[in-house]
Number of protein chains: 6
Amino acid sequence: MTPSKLKKNDVVLVGFPFDYNSSYLRGPALAPSHIRERLYSDSGNLCAENGIDLGKTNNWHDFGDIECFNSKKYFQIIENFITDILDQKARVLSLGGDHSITYPILKSYAKKYDNLTLLHFDAHPDLYDKLDNNTFSHGSPFARIMEDNLVNNLIQLGIRTINPHQKKQIKRFNVQTIEMKDFSSNINLNFNGPVYISFDMDALDPAFAPGVSHHEPGGFSTRQVLEIIQKIKTSDNSNISIVGADIVELNPKNDINSMTAMTAAKCLKEILAKMIS
Amino acid sequence: MTPSKLKKNDVVLVGFPFDYNSSYLRGPALAPSHIRERLYSDSGNLCAENGIDLGKTNNWHDFGDIECFNSKKYFQIIENFITDILDQKARVLSLGGDHSITYPILKSYAKKYDNLTLLHFDAHPDLYDKLDNNTFSHGSPFARIMEDNLVNNLIQLGIRTINPHQKKQIKRFNVQTIEMKDFSSNINLNFNGPVYISFDMDALDPAFAPGVSHHEPGGFSTRQVLEIIQKIKTSDNSNISIVGADIVELNPKNDINSMTAMTAAKCLKEILAKMIS
Amino acid sequence: MTPSKLKKNDVVLVGFPFDYNSSYLRGPALAPSHIRERLYSDSGNLCAENGIDLGKTNNWHDFGDIECFNSKKYFQIIENFITDILDQKARVLSLGGDHSITYPILKSYAKKYDNLTLLHFDAHPDLYDKLDNNTFSHGSPFARIMEDNLVNNLIQLGIRTINPHQKKQIKRFNVQTIEMKDFSSNINLNFNGPVYISFDMDALDPAFAPGVSHHEPGGFSTRQVLEIIQKIKTSDNSNISIVGADIVELNPKNDINSMTAMTAAKCLKEILAKMIS
Amino acid sequence: MTPSKLKKNDVVLVGFPFDYNSSYLRGPALAPSHIRERLYSDSGNLCAENGIDLGKTNNWHDFGDIECFNSKKYFQIIENFITDILDQKARVLSLGGDHSITYPILKSYAKKYDNLTLLHFDAHPDLYDKLDNNTFSHGSPFARIMEDNLVNNLIQLGIRTINPHQKKQIKRFNVQTIEMKDFSSNINLNFNGPVYISFDMDALDPAFAPGVSHHEPGGFSTRQVLEIIQKIKTSDNSNISIVGADIVELNPKNDINSMTAMTAAKCLKEILAKMIS
Amino acid sequence: MTPSKLKKNDVVLVGFPFDYNSSYLRGPALAPSHIRERLYSDSGNLCAENGIDLGKTNNWHDFGDIECFNSKKYFQIIENFITDILDQKARVLSLGGDHSITYPILKSYAKKYDNLTLLHFDAHPDLYDKLDNNTFSHGSPFARIMEDNLVNNLIQLGIRTINPHQKKQIKRFNVQTIEMKDFSSNINLNFNGPVYISFDMDALDPAFAPGVSHHEPGGFSTRQVLEIIQKIKTSDNSNISIVGADIVELNPKNDINSMTAMTAAKCLKEILAKMIS
Amino acid sequence: MTPSKLKKNDVVLVGFPFDYNSSYLRGPALAPSHIRERLYSDSGNLCAENGIDLGKTNNWHDFGDIECFNSKKYFQIIENFITDILDQKARVLSLGGDHSITYPILKSYAKKYDNLTLLHFDAHPDLYDKLDNNTFSHGSPFARIMEDNLVNNLIQLGIRTINPHQKKQIKRFNVQTIEMKDFSSNINLNFNGPVYISFDMDALDPAFAPGVSHHEPGGFSTRQVLEIIQKIKTSDNSNISIVGADIVELNPKNDINSMTAMTAAKCLKEILAKMIS
């Protein structure tokens, strides 16, 4: 549990229970505790579908949650935490919280990686210049990330709510947005450099993930998402190239029998196993 | 809100909160208010997947609900309302209510269109000669429609509950029933003349639409339905050929966190955007 | 209701309301009454998708539940009941209860059939040598079945939770485990001899079957399961070769509006219609 | 479990899973299995508030459910079962099912007891001459009981839905109906002869018992009901004078997290402990 | 249904499906349709506890809902509607919608009655000068009413959330606020002049009324509320002195199995029966 | 947030998200985050019923949660944390977690207070010598506390599940157990020395607090609990004599729309306001 003991390429699991920048409903601050409850539940096990038993590996570490009492300084706290981990050459899998946390996380990553591919699963482009007059809204992180040139390119999957403003932003920032209506399972997922995955739970159809703030029907099945994650390849065929990830926007207040928390835990296991395999 | 101001090909959105002809559970009378709550909610936006922002077009109009105090005269009230709109060369997207309302709606359409194709999404054929001794039951509208020759041909999608009586009716009325077990996404959806869409929410699998009176597992995913709607083409390639539609049988009393109402609103947006694009 | 009146190849429907061997949550003992409530509900009908109206056939019989007061003797009671039916050359469709009941059922079948293929739908291999120190746990029946050589071969579908121990067991018993991540709808389902189907409801994705004790995301859709059942063929092309089946692990305490009980009833209808057609 | 082994004054617990005579919603047939699930759950214990540990007494016996395949003969089956028990000088605590079962039960009791007091907890008087044209409806058992003079007097508690017809019946049959609006905790509950308790779960307020078919706000709290049961006294101060009881109209399909089933189990424990103490 | 046919002292039931002024959650606009669904449901009957059968009286009339498309003009629409009814010497029982509607209603009443007592049931005083910068917020109607001197005196029951600002307002407007912690069932409810009842569903404890936007534990039981309503007396002992009422703030999106809608319908029946008896 | 800045008699709010000692269901570890979500929600305010606005006082401090990675050392971590606070002459209001945490908390308190009265609200006596072979079970903390003589006397309220073993323990430890069936609102709550309150949410009836692991019907209403808290008096009439408290056993996994979390937050506000007033 002490950052100083991290080995190179280790993965740190951390929760950022923060939802001050949600536009419609609060709740994602409760997500990290619910995801962990399901992850460690006797109901299942810690094995991923690639055969790795996460319960028996020593290259990932659960650091718990970074508590949030002061919303104004929290972005800085997130950025500092991530930077600390990256400085040790380790990697981070973050649990939101709302999607606004991806911006401070990526600010840290940009300092270390200069050719990052950002793979973004979401029902929404989250490219609003501002939402409800908030430039750090959970609907705006990717506008900030692109303005600051924090990544080399942004690829979006699962999108099904583009409006004229967001369409403009997609063009402005040269985003590769693959709309849900155009998605095909033959999609090419071979990347040349390091990849960061930002996974908004509402990329999934509400049938599979009812526990989100914004139900947007017509999304991925859980199996489709697992297949995409499992298919990701990098040019040197090394998974170390997945250098970080976040799972955000689970809203336990809308969940049913913890079904969505379990789905988040399943995605977490697959992403983590992919990272450390 | 005054019918007299309608322009040619405008679309009128109207609710018929009526469920006196339901055989098993009441509830669909609550549907129009729930669908509107989700349609206009800050949780989403009014953009359809073809890029049209329904919030910024002036060729559709929400006329609210036609209240129902006298069940016996309500079919006549529906028929009169629809006729008034069609007389102005406008079109109607109706929100049920139970499926029995499609019969009076089609009676009006038949007066204006003599070669209508009726595209019917449903888990059930709804071709009962009568149900619970009610010839106007929500299980019988298509028997009445076919007996009265109100449409040129009836195409059914999503069906998965055919019994011997309904099989006989399918043959008697020469219905093109594509059972769910035989459905393929390669289906041809090019039509020669005007098309009317009657969409029963239980065409969807209960996982995607739990808020219906009759759960019938094995149905469409929401994405499959959206693809079908988006693929509809008419011979002159003009969407004006979708001359009307209804979305029926949402039962908010069985819904979970308004998930099905949101799915109905999503289908509404796609059908409406297809009609006015 | 008297076993003595059974005709050759008749199918007996029976419930085993037993969940003493569940490792995590109790509840499956409530399943048989909930499945029947949906099966006979006025909400649907008794027709299967192959056109057979189960309400109008006389070659299957609902024998109700075998009550369970003494957990220690219950396995023997199950075995005796099944043997009685098989001795009359009839077949059994059993409703669990937890998955532990499949072991005593198969003990009876093995006495009659020496070349049985066991087709097992499940999220989990259920091959634990023991679970929570219980060798008869609902996580262990297939270990017992394979140790006792009760079947000729075991084919598993839907699996998505293999851990190292279970992997070892799969190899030890030479099980044909088709993991969910490798499943393709082109799967060959032609069998040479008699087939027994053991259907754990959690083979389905929790979106389609929330009413189970162990949510494991990434499973089958209901339609995929129905397709598999409908595609099963035996070498002599005779359905009589499906000699028995069980549907287990429905947990009504986790169900939502009886949605999963309805899905179990739908699977029951398709399996039963396949058996008697 | 064999009736022949019953001792004098033993109490038999039996379930009648029957709801064919429900007027509005089906579901009570599922009640006996749900009440038992809670009664025997590790969540609580089998001690009543008077200190008796029902898990350590041998003067009551759970006979399970009497299955119901033929609704027409079921009343006769109930009557015969009760008569068998009473003939052995034992007593019965029955679990419904809907309230219609109280009529055949009382027919048996009337053969043995000629001065029975019937203490009836309910939101509704259930004195309809007929309901939906059904004279054996769950809204009519007490009309039949009074017409047949099966009891000496009928006392009703919790009533809050009297309409003019039922008011007439109350007068006709000289029923002592204590309406909820007039209820006081000072009520006198000393009886001279044998007492039979018929407990409809909807006597409780829906806040305490949401799992009923007919929500009728303004009812008893659970504590009020427990106090009434605990205060019942008979002239010879002998509890043997509670000669029978039923708990009916739990509808698990409307229940929330088995809360109402637990309340039914609590009432069962208190009534049973009162009977055998 | 035509206002011109109203007789003196008739009561008009009307719905105002409006929730634009809610501060926290939307939803109350759905309330009128849900309350009616329960009021007219076959699950209960239309008799009040004072013996009046509302189904057989001709001195009240359901006028349905006044649809709301333009939030800015809606207050004026409400005021005009109420004035029309009062001009015919009839009375109004309004169904909200959020609590903001009470202000325009009272503006109409003040024109006709100059010595009105306003009896207000609520968990909150709703006396905010403004809330979220909205002077017409659902937290502010009674501040506006008192500033405009629309009533002679304001009596508040059920209050349990007074903060310093509201305490100041209570003093400023000389409101008789009986806090829940000081409530006794011996309260004197004899009034000298006409009484208007404004009933916020959250006056009830969330156990009895979960379907509200703001859960505030520690409130009335349903029975306590019914007793208060039934005890109201006016000096001339004439119920005609209850000249109007509203039932507001039901939020069906938070409701459980329509339990709160049923409780609203029960209160409606008791208030209406009190008004017309 | 730094313990060193605490003033004398300040109150520290802290969460112990721990449920390893639960016997039946896990879940209480999620409670602290859910209680805070409701406590700080815009849905209500921070005023207590005695007029104190907790949002505007500086004598209490939310220290967040003490994370729990190592269940074996966690009791020691709790004890150390509490001791640190008490050493600064401050007080603690702890949020569980399951009830097992009260033992290490009281071990710290006993070092500072030698004549403590422990006021314990619960449905269960929690005096098991051991449960499921665990002497630190959530069913055993008060057995440990009494064995170690950590308090001067133990008073129990709300109890309604005494079994013979617990009855023996009550006598052995001379506990003042006021069973729910004997509770009267006239109870004397004047104490001579310092008081510690241990509040198990299941002291409340499940209607008011469904979000607990063990539903035990027949408990307190929320208002009854608030009255008891508000009535507590100490001989010198100084509230400083409430020297500590805990609120435990909320299980968010069983909660409905966060209703129970809100009730816990309400109790928290009343206890806290009582402590600092």
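For the structure itself, consult the block above.
Residues numbered from 1 in each chain as written. Chains lettered and ligands numbered in written order. Predicted model: local features only at pLDDT ≥ 70, side-chain atom pairs only at ≥ 80, totals over all residues. Heavy atoms only, no water.

## Things to note about the environment of Lys274(B)
Reasoning step 1: In this structure, Lys274(B) sits in helix α7 (residues 259–276).
Reasoning step 2: Between the C-alpha atoms of Lys274(B) and Arg36(B), which are 238 residues apart in sequence, the distance is 19 Å. (Helix = DSSP H or I, 4+ residues; strand = E, 2+ residues; numbered from the N terminus.)

## What about the relation of the copies chain C and chain A?
Reasoning step 1: The two copies are related by a screw operation: chain C maps onto chain A through 120 degrees of rotation and 0.0 Å of translation along the axis, at an RMSD of 0.0 Å. Considering both components of the superposition, the chain copies are consistent with a three-fold axis. Residues of chain C ranked by C-alpha distance from the rotation axis are headed by Ala207(C), positioned 3.2 Å from it.
Reasoning step 2: Little of the interface of chain C is mirrored in chain A, where only 13% of its interface residues are also at the interface. (Least-squares fit on C-alpha atoms with pLDDT ≥ 70 in both. Contact = heavy atoms within 4.5 Å.)

## As for the interface of chain C and chain A
Reasoning step 1: The interface of chain C with chain A comprises 23 residues on the first partner and 20 residues on the second.
Reasoning step 2: Interface of chain C and chain A: buried area, both sides summed, is about 1,800 Å²; carbon and sulfur atoms make up 57% of it.
Reasoning step 3: Linking chain C with chain A are 1 salt bridge, by the criterion used here.
Reasoning step 4: For the pair chain C and chain A, the interface holds 5 residue pairs in polar contact (both at pLDDT 80 or more).
Reasoning step 5: Looking at the side of chain C that touches chain A residue by residue, the class counts come to 11 nonpolar, 7 polar and 5 charged. (Buried area = accessible area lost by both parts, 1.4 Å probe. Salt bridge = Lys/Arg side-chain N within 4 Å of Asp/Glu carboxyl O. Polar contact = N/O pair within 3.5 Å; in protein donor to acceptor, adjacent residues only side chain to side chain. Nonpolar A, V, L, I, M, F, W, Y, C, P; charged D, E, K, R; others polar.)

## What about the pairing of strand β4 (residues 117–121) of chain B?
All names here are of chain B.
Reasoning step 1: Within β4, 5 of the 5 residues are buried, which leaves the element mostly enclosed by the surrounding structure.
Reasoning step 2: Of the two faces of β4, both are covered, the one formed by Thr-117, Leu-119 and Phe-121 as well as the one formed by Leu-118 and His-120.
Reasoning step 3: Since β4 and strand β5 (residues 153–159) lie parallel, the crossover through helix α4 (residues 141–147) that links them has a hand, and here it is right-handed.
Reasoning step 4: The pairing of β4 with strand β8 (residues 195–200) spans 5 bridges and is classified as parallel. When the sheet's bridge partners are listed, Leu-118 is paired in β8 with Tyr-196. (Buried < 20%, exposed > 50% of the residue type's maximum accessible area, 1.4 Å probe, protein only. Right-handed = clockwise from strand over helix to strand, strands pointing away. Pairing = 2+ DSSP bridges.)

## Section: the arrangement of the chains
Reasoning step 1: With no contact between them, chain A and chain D keep their nearest C-alpha atoms 10 Å apart.
Reasoning step 2: Between chain B and chain F there is no contact, and the shortest C-alpha to C-alpha separation is 10 Å.

## Let's talk about the pattern of salt bridges
Residues and elements named next belong to chain A.
Reasoning step 1: The tally for this structure, following the rule as stated, stands at 90 salt bridges over all chains.
Reasoning step 2: Its salt-bridge partner being Asp-129, residue Arg-144 comes within 3.3 Å of it at the nearest N-O pair. With Arg-144 in helix α4 (residues 141–147) and Asp-129 in the loop between β4 (117–121) and α4, the pair connects residues that are 15 residues apart, well separated along the chain.
Reasoning step 3: The class of Asp-129 is partly exposed, set by a relative accessible area of 30%.

## Considering the packing of aromatic side chains
Reasoning step 1: Inspection of the entire model under this criterion finds 72 aromatic pairs over all chains.
Reasoning step 2: Taking 6.1 Å as the distance between ring centres and 20 degrees as the angle between the ring planes, the aromatic pair formed by Tyr103(E) and Phe136(E) counts as stacked. Pair noted here: Tyr103(E) is in helix α3 (residues 102–112) and Phe136(E) is in the loop between β4 (117–121) and α4 (141–147), with a separation of 33 residues, a long-range link.
Reasoning step 3: Classification of Phe136(E) by relative accessible area gives partly exposed; the value is 38%.
Reasoning step 4: Among the aromatic residues, those joined into a ring-pair cluster are Phe16(A), Phe18(A), Phe63(A), Tyr74(A), Phe75(A), Phe81(A), Tyr103(A) and Phe136(A). (Phe/Tyr/Trp six-rings, centres within 6.5 Å; stacked < 30°, edge-to-face > 60°.)

Remember that the coordinates give geometry; whether it matters functionally is a separate question.
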